[in-house]
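Analysis of the macromolecular model
So the chains spell out like this:
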Amino acid sequence: MKTAYLKLQVRKLLSIDSKEELLYLLETNEYTADLLIQNPPYNIFNVPKRHGGTRLIEDPTNTLQTIQEKLNDYLQPLYYLNRTNAAYGFILHPKDDDAPRNIVTNAKKHASNDYLLAIDMQDFFHQVCWQMVYDSLCSSPFLIADEVTKYISNLCTYNGRLPMGAPTSPVLSNVAAYQLDKELENYCTGEDLVYTRYVDDMSISSNKPILERHLAQITNITERLRLKLNPYKTKLYGPGEEKLITGLVIKGNEVKVADSFITETEKEIANLKTYVLMLKRMYPNKPIEEMILKPVQKITGALTFIASVHGANYIPVQQLAEKLDEAQVPPSDYESLNWLNIGYISKMT
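Residues numbered from 1 in each chain as written. Predicted model: local features only at pLDDT ≥ 70, side-chain atom pairs only at ≥ 80, totals over all residues. Heavy atoms only, no water.

Looking only at helices and strands, the protein chain features 15 helices and 9 strands. Here the protein chain holds 349 residues, and the buried ones make up 45% of them. Both charge centroids of the protein chain, one from 37 positive and one from 42 negative side chains, sit 3 Å from each other. (Helix = DSSP H or I, 4+ residues; strand = E, 2+ residues; numbered from the N terminus. Buried < 20%, exposed > 50% of the residue type's maximum accessible area, 1.4 Å probe, protein only. Lys, Arg positive; Asp, Glu negative; His and termini not counted. Charge placed at Lys NZ, Arg CZ, Asp CG, Glu CD.)

This is the structure:
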């Protein structure tokens, strides 16, 4: 995928001005789409957060998900070509883009500054309502036709706001935050501050002290644009302190994964090993791979994240990868083990 392809996708989207043309682009029909809008089919469930609590997930069922994924193929290029300088999360990376936006490059923007103000938006996706999606898509620089915008907004919102779990929610959250980014960029530039946003995590840094008036003004701008901050996740760091941005640690000019994240990943691998042994004892004739697919995917994702920060040759990544491989293969003499001594931890299920 190169930038030329993204421009082609955007031209297709911006060339249509009716819902009939949109439905043709999405390879569906009006009856199906209207039914999905009137009775949005979502699977709703909670998943545990890494540091406690749960997160509400609203997962669209097959037909709606397929339509949203096709929409995403047009909306992501539209945002990419109009992205703000501040946005770093959920952004495409074409092959001919030599300045990728991701969690690591976001943190590196602040690595050389002594002061950091870390701010979190409260329930970000659920704050982005139907009207915000509609207003943003109709406005500059996106300028999608009115009838098309209404239909997109209807197809991609649930209970009047963005659902956590829909494939279109990440890009539409960026679209809805476009004006926020532009206003905060202007304000921060005038105050010698560096501003970036990774989804709902806002980072402001400087080599000059960040003052209460800065936070007050940033809060005013955010709330005027109908977005609320989480006061319990606002933190100010000073010179010499180990700073934390979206789970990454900044100390000096170095960006690294927190030691606690690596430790937690190692514990999850140990839990997986115990789980594999238990499954082999309980279901000796069933293939283990299918039963441990989800925990393996989760751990593999954690290893990929660590490698993206430190590189694939980072020794802890190699060691954890070896342990993960070993954990998935029960020993040949597993039946002789005393299961009371294994210490099975049920959260792996």
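What follows continues from the structure just given.
Our focus in this paragraph is the packing of helix 10 (residues 178-190) against helix 11 (residues 212-224). For the pair helix 10 and helix 11, the least separation of the axes is 10 Å and the interaxial angle reads 155°. The pairing of helix 10 with helix 11 is recorded here as roughly antiparallel in orientation. Note that helix 10 runs across helix 11; the crossing there is right-handed. Across the interface between the two elements, L180, E183, L184 and Y187 of helix 10 pack against R213, H214, Q217, I218, I221, T222 and R224 of helix 11. Tallied by class, the residues present in the contact of helix 10 with helix 11 amount to 5 nonpolar, 3 polar and 3 charged. (Axes fitted to C-alpha atoms, helices over the stretch in contact; angles between N-to-C directions. Parallel < 35°, antiparallel > 145°, perpendicular 65-115°, else oblique. Left-handed = near helix turned anticlockwise from the far one by under 90°. Contact = heavy atoms within 4.5 Å. Nonpolar A, V, L, I, M, F, W, Y, C, P; charged D, E, K, R; others polar.)

Spatial strand order, 4-5-3-6: 4 strands in an open sheet with antiparallel pairing. The open sheet has two edge strands, strand 4 (194-198) and strand 6 (235-237), and neither has a second partner. Between one strand axis and the next, the sheet turns through 15° on average, direction left out of account. (Pairing = 2+ DSSP bridges.)

There is a patch of like negative charges on the surface, built from D17, E20, E21 and E147. Secondary-structure assignment places E147 in helix 8 (residues 146-156). (Patch = residues over 30% accessible without salt bridge, like charges linked within 9 Å, V, L, I, M, F, W, Y side chains within 5 Å. Areas by Shrake-Rupley, 256 points an atom, 1.4 Å probe, with all protein chains shown as cover. Salt bridge = Lys/Arg side-chain N within 4 Å of Asp/Glu carboxyl O.)

What follows covers the nonpolar core. Nonpolar side chains in soluble globular proteins generally cluster together in the buried interior. Among the nonpolar cores identified, the biggest contains 97 residues, and L75, I152, I204 and L248 are the most heavily contacted of them. When residues no more than four places from it in sequence are discounted, the contact partners of L248 are I103, V104, A107, K243, V255, K256, V257, F305 and V309. (Core = buried A, V, L, I, M, F, W, Y, C linked by side-chain atoms within 4.5 Å.)

Further remarks concern the packing of aromatic side chains. Within the structure shown, the criterion is met by 6 aromatic pairs. With a centroid separation of 6.1 Å and an interplanar angle of 55°, the aromatic rings of F124 and F125 are classed as tilted. As far as the burial class goes, F124 and F125 line up, both buried. Relative to Y134, the ring of W130 lies with its centre 5.3 Å away and its plane at 10°, an arrangement referred to as stacked. Here W130 and its partner Y134 are both found in helix 7 (residues 130-138), 4 residues apart, which amounts to about one turn of the helix. Under the relative-accessibility criterion, Y134 is labelled buried at 15%. Site record: aromatic cluster; members linked through ring pairs are Y79, F142 and Y178. Over the ring of Y80 we find R83; its NZ or CZ atom is 4.0 Å from the centre of that ring. One Lys or Arg, K235, reaches over the ring of Y237 and ends 5.2 Å from the middle of that ring. (Phe/Tyr/Trp six-rings, centres within 6.5 Å; stacked < 30°, edge-to-face > 60°. Lys NZ or Arg CZ within 6 Å of the ring centre and 35° of its normal.)

A sheet is described by the order of its strands in space; here 3 strands give the open sequence 7-8-9, paired in antiparallel fashion. Pairing within the sheet leaves two strands with one partner each, and these edge strands are strand 7 (243-245) and strand 9 (254-257). Going across the sheet, the axis of each strand differs from the next one's by a mean of 35°, ignoring polarity. Sheet contacts for helix 14 (residues 293-310): strand 8 (248-251) and strand 9; angle to strand 9, the most-contacted strand, approximately 165°.

Time to look at the pattern of salt bridges. Per the stated rule, a full pass over the model turns up 11 salt bridges. Residues R161 and E58 are paired through a salt bridge, measuring 2.8 Å at the closest nitrogen-oxygen approach. On the criterion of sequence distance, the pair formed by R161 in the loop between helix 8 and helix 9 (169-176) and E58 in strand 2 (residues 54-60) is long-range, its members being 103 residues apart. Classification of R161 by relative accessible area gives buried; the value is 14%. With relative accessibility at 2%, the residue E58 sits in the buried group.

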